[in-house]
Amino acid sequence: MKLQIEQPTHLVDISRLPLAEIEDTPEGGLRLGAMTTNSQVAADPRVRARYPVLAQAILSGASGQLRNKATTAGNLLQRTRCAYFYDTTKPCNKREPGAGCAAIGGIYANTAIFGASEACVATHPSDMAVALSALDAKIETESGAGEARVLAMDGFHRLPGDTPHIETELRPAEMITAVVLPPPPPGGQIYRKARERASYAFAIGSVAVAGGKVALGAVAHKPWRAEAAELALEQGASPAEAMAAELKGARPDGHNDFKLKLMTRLGAACLTTTGAGDDQ
Amino acid sequence: MSSVKDWAAPTPISENRSGLIGKGVDRYEGRLKVTGSAPFAYEVEAPSPPAYGVLIASPIAKGLVASADISAAQAAPGVRLVWTPHNVPAQGERGAKINPRSQRGANPALAARIEHFGQHVGFVVADTLENAKAAAALVRFEYAAEPADLIFEDNFAKADQPEGEEDVRVGDFEAAFAGAPVRLDETYVSPLQNHAQMEPCATTAWWDGDNVTVHTSIQMVKGGQHTLAETLMIPSTQVRLLTRYIGGGFGGKGQSYDDLTLAALAARELGQPVKVAYTRQQMFQATIHRPAVHMRVRLGAQADGRLDAFALEAVTHCRREAPFTEHAANFARSLYAAPNRLTGHRLVKLDIPAAGAMRAPGEASGMLSLECAMDELAEQLGLDPIELRLRNEPDTDPETGKPFSTRQLVRCMTEGAQRFGWDRRNPKPGQVRDGRWLVGLGMAAAIRGNFLLPAKAGVRIDADGTITLRQGMTDIGTGTYTILAQITAETLGVPLAQVKVELGDSDFPPAPGSGGQFGAATAGSAAFAAGMNLRKALAELATGDPNSPLYGDDPELVTFGGGNIAVDNRAEPLERLVVRAAPEGVYVEGSITPAADARDYSQHTYGAHFAEVGVDPDTGEVRLRRMFGVFAAGRILNAKTAMSQITGGMIWGVGTALHEYNEVDPRYGSFIAQDLAGYHVPAHADIVDLSAMFLDEVDDKANPMGIKGVGELGIAGAGAAIANAVYNACGARIRDYPLTPEKVLAALP
Ligand SMILES: Cc1cc2nc3c(=O)[nH]c(=O)nc-3n(C[C@H](O)[C@H](O)[C@H](O)COP(=O)(O)OP(=O)(O)OC[C@H]3O[C@@H](n4cnc5c(N)ncnc54)[C@H](O)[C@@H]3O)c2cc1C
Ligand code: SF4
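First, a word on what this report is: a plain description of the structure on this page. Because the structure is predicted, anything quoted here is derived from the model rather than measured.

Rules of the game
Residues numbered from 1 in each chain as written. Chains lettered and ligands numbered in written order. Predicted model: local features only at pLDDT ≥ 70, side-chain atom pairs only at ≥ 80, totals over all residues. Heavy atoms only, no water. Axes fitted to C-alpha atoms, helices over the stretch in contact; angles between N-to-C directions. Helix = DSSP H or I, 4+ residues; strand = E, 2+ residues; numbered from the N terminus. Left-handed = near helix turned anticlockwise from the far one by under 90°. Contact = heavy atoms within 4.5 Å. Nonpolar A, V, L, I, M, F, W, Y, C, P; charged D, E, K, R; others polar. Near = heavy atom within 4 Å. Polar contact = N/O pair within 3.5 Å; in protein donor to acceptor, adjacent residues only side chain to side chain. Buried area = accessible area lost by both parts, 1.4 Å probe. Salt bridge = Lys/Arg side-chain N within 4 Å of Asp/Glu carboxyl O. Phe/Tyr/Trp six-rings, centres within 6.5 Å; stacked < 30°, edge-to-face > 60°. Buried < 20%, exposed > 50% of the residue type's maximum accessible area, 1.4 Å probe, protein only. Expected span 1.5 Å × (residues − 1). Lys, Arg positive; Asp, Glu negative; His and termini not counted. Core = buried A, V, L, I, M, F, W, Y, C linked by side-chain atoms within 4.5 Å. Pairing = 2+ DSSP bridges. Parallel < 35°, antiparallel > 145°, perpendicular 65-115°, else oblique.

### Considerations on the packing of helix H9 (residues 227–234) of chain A against helix H10 (residues 239–247) of chain A
Residues and elements named next belong to chain A.
Reasoning step 1: Where H9 meets H10, the closest approach of the two axes is 7 Å, and the angle between their N-to-C directions is 145 degrees. The crossing of H9 and H10 is right-handed. In this structure, H9 contributes Glu-227, Ala-228, Ala-229, Ala-232 and Leu-233 to the contact, and H10 contributes Ala-242, Ala-245 and Glu-246.
Reasoning step 2: When the residues that make up the contact of H9 with H10 are grouped by side-chain class, the tally is 6 nonpolar, no polar and 2 charged.

### A word on the site of ligand 1
Reasoning step 1: Around ligand 1 sit 24 residues in total, of which Ala-62, Thr-71, Asp-127, Ile-176 and Lys-193 of chain A are the nearest.
Reasoning step 2: Chains contributing residues to the immediate surroundings of ligand 1 are chains A and B.
Reasoning step 3: A distance of 3.1 Å separates an oxygen atom of ligand 1 from a polar atom in the side chain of Asn-75 of chain A.
Reasoning step 4: Between ligand 1 and Asp-127 of chain A, the relevant distance is 2.7 Å, taken from a nitrogen atom to a side-chain nitrogen or oxygen of the residue.
Reasoning step 5: Mapped onto the shell around ligand 1, the elements with two or more residues apiece are helix H4 (64–69), helix H5 (72–76) and strand E5 (174–181) of chain A.
Reasoning step 6: Broken down by element, the shell around ligand 1 gets its largest block of residues, 3 residues, from H5 of chain A.
Reasoning step 7: Looking at the shell around ligand 1, its residues break down into 14 nonpolar, 7 polar and 3 charged.

### Brief notes about the site of ligand 2
Reasoning step 1: The immediate surroundings of ligand 2 are formed by 14 residues, with Cys-82, Cys-92, Cys-101, Cys-120 and Val-121 of chain A found nearest.
Reasoning step 2: Across the shell around ligand 2, the residue classes break down as 11 nonpolar, 2 polar and 1 charged.

### Brief notes about the interface of chain A and chain B
Reasoning step 1: Contacts between the two partners involve 33 residues from chain A, matched on the other side by 39 residues from chain B.
Reasoning step 2: Buried area between chain A and chain B, summed over both chains or domains, comes out near 2900 Å², and the portion from carbon and sulfur atoms is 53%.
Reasoning step 3: The largest contributions to the chain A side of the interface with chain B come from Ile-107, Glu-196 and Arg-197 of chain A, which together make up 25% of the buried area.
Reasoning step 4: Remark: the boundary between chain A and chain B carries 2 salt bridges.
Reasoning step 5: Note that Arg-192 of chain A is salt-bridged to Asp-616 of chain B, the shortest N-O span being 2.7 Å.
Reasoning step 6: For the interface between chain A and chain B, the tally reads 17 residue pairs in polar contact (both at pLDDT 80 or more).
Reasoning step 7: Listed by contribution, the elements that provide at least two residues to the side of chain A that touches chain B are helix H6 (83–86), strand E6 (189–194) and helix H11 (258–274) of chain A.
Reasoning step 8: By residue number, the principal contributor to the side of chain A that touches chain B is H11 of chain A, which donates 6 residues.
Reasoning step 9: Classifying every residue of the side of chain A that touches chain B by side-chain character gives 16 nonpolar, 6 polar and 11 charged.

### Remarks on the packing of aromatic side chains
Reasoning step 1: Considering all chains together, one arrives at 16 aromatic pairs over all chains under this definition.
Reasoning step 2: Centroid distance Phe-85 of chain A to Tyr-86 of chain A: 5.1 Å. Interplanar angle 85 degrees. Geometry classified as edge-to-face.
Reasoning step 3: Residue classification places Phe-85 of chain A among the buried positions, given a relative accessible area of 2%.
Reasoning step 4: A centroid spacing of 4.9 Å and a plane angle of 90 degrees characterise the contact between Phe-250 of chain B and Trp-652 of chain B, whose relative ring orientation is edge-to-face. Of the two residues, Phe-250 of chain B is situated in the loop between strand E12 (239–242) and helix H7 (258–270) and Trp-652 of chain B in helix H15 (residues 639–658); the sequence distance between them amounts to 402 residues.
Reasoning step 5: Assessed through its relative accessible area of 9%, Trp-652 of chain B is described here as buried.

### Brief notes about H11 of chain A
Reasoning step 1: Counted at 1.5 Å a residue, the expected span for H11 of chain A with its 17 residues is 24 Å, and the 24 Å between its end C-alpha atoms agrees.
Reasoning step 2: Inspection of H11 of chain A places Phe-258, Lys-259, Leu-262, Met-263, Leu-266, Gly-267, Ala-268, Ala-269, Cys-270, Leu-271 and Thr-274 of chain A among the buried residues, and these make up the whole buried set.
Reasoning step 3: The secondary structure elements touched by the buried residues of H11 of chain A are E6, strand E7 (205–210), strand E8 (213–217), H9 and H10 of chain A together with helix H17 (741–747) of chain B.
Reasoning step 4: Count one or two residues on from H11 of chain A and you reach Gly-275 of chain A, which has phi positive near 75 degrees.

### Considerations on unusual backbone geometry
Reasoning step 1: With an omega dihedral of -10 degrees, the bond running from Tyr-737 of chain B to Pro-738 of chain B counts as a cis peptide bond.
Reasoning step 2: Examined against the element boundaries, Pro-738 of chain B turns out to sit in the loop between helix H16 (718–730) and H17.
Reasoning step 3: Not every positive phi belongs to a glycine, and Ala-173 of chain A is a case in point at roughly 65 degrees.
Reasoning step 4: With respect to the helices and strands, Ala-173 of chain A occurs in the loop between helix H8 (153–156) and E5.

### A few points about the side chain of Arg-195 of chain A
Reasoning step 1: Mapped onto the elements, Arg-195 of chain A comes out in the loop between E6 and E7.
Reasoning step 2: It turns out Arg-195 of chain A is buried and unbridged, and the closest side chain with the opposite charge, Glu-621 of chain B, is 4.8 Å from it.
Reasoning step 3: In this structure the side chain of Arg-195 of chain A is engaged in a polar contact, spanning 2.9 Å, whose partner is the backbone oxygen of Ser-60 of chain A.
Reasoning step 4: Only 3.4 Å separates the side chain of Arg-195 of chain A from the backbone oxygen of Ala-198 of chain A, close enough to count as a polar contact.
Reasoning step 5: Those residues in contact with Arg-195 of chain A, other than ones at most four positions away along the chain, are Ser-60, Tyr-200, Ala-201, Phe-202 and Ile-204 of chain A together with Glu-621, Arg-623 and Pro-741 of chain B.

### Digging into the nonpolar core
Reasoning step 1: Within the largest apolar cluster, 120 residues are counted, with the highest numbers of intra-cluster contacts made by Leu-216 of chain A together with Leu-299, Leu-370 and Ile-722 of chain B.
Reasoning step 2: Residue contacts for Ile-722 of chain B: discarding those within four places in its chain leaves Ala-611, Val-613, Leu-624, Met-627, Val-654, Ala-657 and Leu-658 of chain B.
Reasoning step 3: One finds Leu-452, Ala-455, Leu-469 and Ala-489 of chain B within the second-largest nonpolar core, a separate group that totals 54 residues.

### A few points about the sheet that holds strand E20 (residues 455–461) of chain B
Residue and element names in this part refer to chain B.
Reasoning step 1: Pairing within the open sheet is mixed, and its 4 strands lie in the order E22-E21-E20-E26. A strand with exactly one partner marks an edge of an open sheet, and here the two such strands are strand E22 (499–503) and strand E26 (586–592). On average, each strand axis in the sheet is tilted by 20 degrees relative to the strand beside it, whichever way the strands run.
Reasoning step 2: Each of E20, strand E21 (467–471) and E22 touches helix H12 (residues 480–492); the most contacted strand, E22, lies at about 135 degrees to it.
Reasoning step 3: Each of E20, E21 and E26 is contacted by helix H13 (residues 519–543), which is oriented at about 140 degrees to E26, the strand it contacts most.

### Notes on the packing of H15 of chain B against H16 of chain B
All names here are of chain B.
Reasoning step 1: Where H15 contacts H16, the axes come no closer than 7 Å and their chain directions differ by 50 degrees. Accordingly, the angle class assigned to the pair H15 and H16 is oblique. The two elements H15 and H16 cross, and the hand of that crossing is right-handed. From H15, Met-650, Gly-653, Val-654, Ala-657 and Leu-658 reach across to H16, where they touch Ala-718, Gly-719 and Ile-722.
Reasoning step 2: Of the residues assigned to the contact of H15 with H16, the class counts are 6 nonpolar, 2 polar and no charged.

Written out as structure tokens, the structure reads:
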């Protein structure tokens, strides 16, 4: 809003809705209210004990001050960090549908290697969302009319296609009420993030592993569930082979080619640490 | 004119009787700043309610503003005025002077000819910032764009010798290099960097009849005052410029920008105070930056490491209409011995924002090259990098043969090596691991010139004993207020609490401002001279006053200490003397000029950096583990502010090596990073264990106090120590800064 990218005529204050609780679910998981803060979730003893991948992912993001204010729903819905998105003198389909995409042919390198389109090559910047993807979280929503829905984390964010301005499956006048974590999967968990400085920087590539589930960050318009890697692991592949299988589907653009080597190594290192490649 | 010989005599500063010189006293204005009560330029309260100005930037890099439709903006709520190149009031032409004694020429805003992306083409003033911003979005421009040269590397063929400069040659470099048994020929690239000061450029301006008062954020008081006078085409006596607190300058605020010009113009037009501040994006696109530099280093050595041939040739860039050379080779002229030498610069003119001075201009970029080349040569020779430097330590300035004023480079290296544990370095890269991290050590030397400029200061004592130092100097966050208070208190033998310091006002005796690490020496020497003159005036006052216990004494024998004026054991408090003998107070001025023979000496500050880094072989991420520096920079005035300056410089060096860069989009001429989320400088987590020490030193050729600058030395060479440590950790020699994960990963096996 400060940069006049969004100029809403009305703002609705949702900060006092009673959505700031973390509750146990009957299934043995956790329900994170939409307004829980990043700091609160990362510090919750249940999250730390049972979902370390989530605590690690949140703590690797932003800064202490930002995490104190950032909420579970807000972090999921944060906009891309594509440099051209923020420079309103440049064409950007996400800002202005049909205007064109300055990132294509540009020099911004933190772009997608999976699922990019002719219309948009931006990546989703959230760390938390990558962990939620590996954890198979569910998103609970409610519409203005009171209709409740449950969406799978993996399908919540969209690939850009030719409508990069529509980033999620959320409908107009629908809001997130909670994120539900299923019981923790068996097996190790880890989140690792590569970035250009030790803190307060967005990922240039990240990996979340929860048991046999793998999600990658900063490689696509959404948290990228590494299904090919998961399948390869199930079939007995080594960590390096599993990552190679996943990255076969990557389409680097010349500026972001480094992400191939980065994701191969980082992914393999994470899978080795959690033992995800071992016989389970 | 004085001679440096005069400066060797004992002074109140060298005697340091109350021990204030060197003491790590807290910042004079620290409490005001941490409590948020120091008014920065934008926050200064105007005499009547102000209007708010917003600048509109060009989206093209080169061409003309063909037309501008301001009707919608003019009709928007709260709007007071809308200016474009077509209706902005008359201003002095760029560089023009009507006052012959002006230090600088006019700097007009809102030109129709566009010379870089982000140049301001429109200006809107409204009753609130929000209304101004909303109206600014309604101005419709049409442009006639022209082809522009935007990318440095694409325009190397157009590189030229900077005007008025020649390469410096000693001996026959080419022949010596060709004949040297061991040779190195490598090119190093330092990136374009932005100053990214915390406080953006900002001005509050108002008029009183024909006189304008401006509070602005600028490093040079006179420069800003004269520029504005020339731009407004009025005598500089009608411009009062104040700059009391500055949230960082780093060279980027050595000149004024459109906020100053347009705030003053609009305040005149509206008869109302006007405030204008740059946005963060405008700070990137519409101020100056440190240009990128390509540096070719050639070293020819004997097998024992002695250099026969040395060359450093730097190619850099500037804005087409604003010549500026990043003198990245100059430092090397005084660093290592070699009988055959070549240094020089080439300049590429581009249509991007202007290049300009940024903390340690020259050294900060330049040392990234030679200090890595020395590391590479040491490895080729099988020598320790410190040993190679010791073997090339000159007795006199290697280019000019002049004696050094002081030079403790060798001690900086040997002392640092011992304290850091340099002997634990394994010269073979890639041998040390800590968990998944590859660990390595690196070092580099530091050198930065020392300067003294002409300056004045005024000091008065009032009947209550308060001593007030006044100077048209600036404190850009470095500690100038504090050291001037220390110098004044020590000179006059009074407690610190009795001294007030007032800076940043064009009505005060002029000082050149903050830059080139000359501030403390220059402003401080003038303050010291003023203090000495006040001593003399008070001594004469006391010895001539029949009611003084000092009556009839020789003024030469008068001493100052503990707040008293005394001869032997006859004494009285200063305020008793003043209230009785000069109840209206005593005011004197003092000045400093460089000594006539100052240039007979090669005068520099020196240091050595030691760094330990970890490299993550999975990601190519580099993390600093610890860093230590040893520096020799003359007498240290304040242990705390000097340490902050030197470690601050080192931290910037870490950022230069690992994080900090900007790039120009080849299609638009805009910088890719335009905010502090995208433009990375080190965060706290990047600087875990970093410290420094100063060697004892007094440079009696530098100025009467024997001090030198510390503001820029810390950054010189720091990044090279990191790059050398990265090589030692993982065997990847990256000559293109910064060493981002992307580049390191590509270089890893
Ligand atoms: C400089 C910087 C660095 C950062 N670094 C990182 C990082 O490294 N990693 C990372 O993961 N994140 C990072 N962030 C993101 C940060 O952690 C916040 O999550 C993000 O800025 C969103 O802020 P917020 O959570 O307060 O959401 P808001 O700003 O309040 O909301 C974001 C959007 O979501 C909408 N929204 C909020 N709640 C709901 C709801 N319940 N239902 C429907 N819509 C809703 C809002 O209307 C808005 O459109 C960074 C942010 C900044 C500014
Ligand atoms: S990549 Fe997407 S966000 Fe970036 S400029 Fe293109 S359309 Fe806009």
